[in-house]
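# Structure assessment
The chain contents come next:
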Amino acid sequence: MGNSNWGSNNSSVDTPLQTINYASCHDNYTLFDNLTIDVMDATGVTAEYAACAAAEMNNLAAAYYLTAQGVPFIHAGEEMLRSKPDAQQESGFNHNSYAAGDVINSIKWNTLADELVDNTHDYYQGLIAFRAAHDAMRMTTEAEILSAMSAVDAGSNDVIVLLNKGGNGEQAEILSIFNADAAEQTVTLPEGKWEVYVNGELAGTTVLETVAGTVTVSGTSAMILVKVAEEEPEEELDLSELEELFELLDTLNPEDYTEESAAAVGEVVLEIIEALANEELELTQEDIDAMADALRAAIDALVPVGSETDPTEPEDTNPTEPEDTDPTEPEDTNPTEPEDTDPTEPEDTDPTETTAPEATTKPSTGDNATTGDAFNMVWFALLAVSAMATAAL
């Protein structure tokens, strides 16, 4: 899995596709039987008691070659702890079964009902799924391996740690830890957060836990981790232009513009507030700039009152109007006219009169009686909305 021999004079292959990785094949004992015999010889226990320890070793071997660069090879039945027990053999297992028949050589599918066998089968499936999910575990050139693979000091001769910095199109970093010691080992991790996908009991494409700093690896087991990608900082949106436009709205006189153009500005403001308040929207600076452009355009399109042409009032533009320039008009210069100066006239000085000042600025009769009120309401609502938008920012 490492790069110690790649490219050296001792290497017999030029690419990982030329190497076949495996832990057992058809010759001699099955992997499980071989490991069981080793445990019995070392501890003196029976095969039954040695099975659990042998299964742990079996899975460790599988994790090693199924995560190696190259072509993995699985001996049929290895994934379900295939065994060839034979009472006629001194060891209790047949190591040369070419003439032993189906009784010895057949795969015993019913053993999948055994929890230990079933768990091992699932573990192999998980390792295969993990390998398939990561292109960096299947590099195709010597150059990629030399560039990506490196050994990490584990502080123990019984522990191997290999770092895969990514390759074959994948950028993720993968850390593989193999603990051949029966005791658990603590391993210092490279910087960052790491997600565990394989440990001594489970393997697959589901995150088992997230760790950082150090990690404890169980005895006789493997652990495969993938580094958590660093999140890119969120784009800090520049809202200054919108804020300036909202402040500008607060300075506008509500009586200076037509109701229609004021309402148009209000609609834009409402749309902006709705967008800013919607947490599901992932707004970009481009979106914010577009909002500011739309609001500025609406403000620029405001129509001052009196600047629009009213087709129902032709008096100011009628060149035939004679009243102001007719020298024969006596009304304005008649000294005998008493109306404006008659001290007996009570109307202009009646303290109870309250409607005369309003009549000079706002219609009081007919369909237009509420025009001024509706006009002001639109603007006051608009100013309130702009205040809300400023607060939302």
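Before any of the text, the structure's been laid out above.
Let me begin by describing the structure that accompanies this report.

Cut-offs used in this document
- Residues numbered from 1 in each chain as written.
- Predicted model: local features only at pLDDT ≥ 70, side-chain atom pairs only at ≥ 80, totals over all residues.
- Heavy atoms only, no water.
- Helix = DSSP H or I, 4+ residues; strand = E, 2+ residues; numbered from the N terminus.
- Buried < 20%, exposed > 50% of the residue type's maximum accessible area, 1.4 Å probe, protein only.
- Contact = heavy atoms within 4.5 Å.
- Core = buried A, V, L, I, M, F, W, Y, C linked by side-chain atoms within 4.5 Å.
- Patch = residues over 30% accessible without salt bridge, like charges linked within 9 Å, V, L, I, M, F, W, Y side chains within 5 Å.
- Areas by Shrake-Rupley, 256 points an atom, 1.4 Å probe, with all protein chains shown as cover.
- Salt bridge = Lys/Arg side-chain N within 4 Å of Asp/Glu carboxyl O.
- Phe/Tyr/Trp six-rings, centres within 6.5 Å; stacked < 30°, edge-to-face > 60°.
- Pairing = 2+ DSSP bridges.
- Axes fitted to C-alpha atoms, helices over the stretch in contact; angles between N-to-C directions.

Now for the overall build of the chain. Of regular secondary structure, the chain possesses 10 helices and eight strands. Within the chain, the proportion of its 393 residues that are buried is 33%. Considering only residue pairs separated by 6 or more positions, the chain has 68% of its internal contacts joining residues 24 or more positions apart.

Attention shifts here to the nonpolar core. In globular proteins that are soluble, nonpolar side chains generally tend to be buried together. Residues Leu242, Leu249, Val265 and Leu295 are the most contacted members of the largest nonpolar core, which totals 20 residues. Mapped by element, the contributors of at least two residues to this core are helix H6 (240–251), helix H7 (259–277) and helix H8 (285–300). Leu60, Ala62, Tyr124 and Ala136 belong to the second largest nonpolar core, which has 19 residues in total.

The next thing to look at is a nonpolar patch on the surface. Among the surface-exposed residues, Ile20, Tyr22 and Phe73 lie close enough to one another that they form a single nonpolar patch of about 300 Å² accessible area. The residue Tyr22 is located in the loop between strand S1 (20–21) and helix H1 (31–43) in this model. A relative accessible area of 46% places Tyr22 in the partly exposed class.

Turning to the packing of aromatic side chains, a few remarks are in order. Applying the stated criterion across every chain yields a total of three aromatic pairs. With a centroid separation of 5.5 Å and an interplanar angle of 85°, the aromatic rings of Tyr22 and Phe73 are classed as edge-to-face. A residue pair is termed long-range when its members are at least 10 positions apart, and Tyr22 in the loop between S1 and H1 and Phe73 in the loop between strand S2 (71–72) and helix H3 (102–105) qualify at 51 residues. Residue Phe73 is classed as partly exposed on the basis of its relative accessible area of 34%. Plain terms: the ring middles of Phe130 and Tyr197 are 5.7 Å apart, the flat faces sit at 45° to each other, and that makes the pair tilted. Note that Phe130 is positioned in helix H4 (residues 115–133) and Tyr197 in strand S6 (residues 185–198), a separation of 67 residues in sequence. What makes Phe130 buried here is its relative accessible area of 1%.

Right, let's talk about the side chain of Asn58 for a bit. Relative to the assigned elements, Asn58 resides in helix H2 (residues 47–66). Classification of Asn58 by relative accessible area gives buried; the value is 1%. Residue contacts for Asn58: discarding those within four places in its chain leaves Leu31, Phe32, Leu35, Glu78, Leu81, Thr120 and Tyr124.

A sheet is described by the order of its strands in space; here six strands give the open sequence S3-S4-S5-S8-S6-S7, paired in antiparallel fashion. Single-partner strands in this sheet number two, and they are strand S3 (149–152) and strand S7 (209–217). Averaged over all pairs of adjacent strands, the angle between their axes in this sheet comes to 35°, without regard to strand direction. Contacting strand S4 (159–164), strand S5 (174–179) and strand S8 (221–227), H2 runs over the sheet at an angle of about 150° to S5.

Bringing the environment of Val217 into the picture now. Mapped onto the elements of the fold, Val217 is located in strand S7. Residue classification places Val217 among the buried residues on the basis of a relative accessible area of 1%. Considering only alpha carbons, one finds Val217 and Asn199, 18 residues apart in sequence, at a separation of 7.6 Å. Other than its neighbours up to four places away in sequence, Val217 contacts Ile177, Asn179, Glu184, Gln185, Val187 and Met223.

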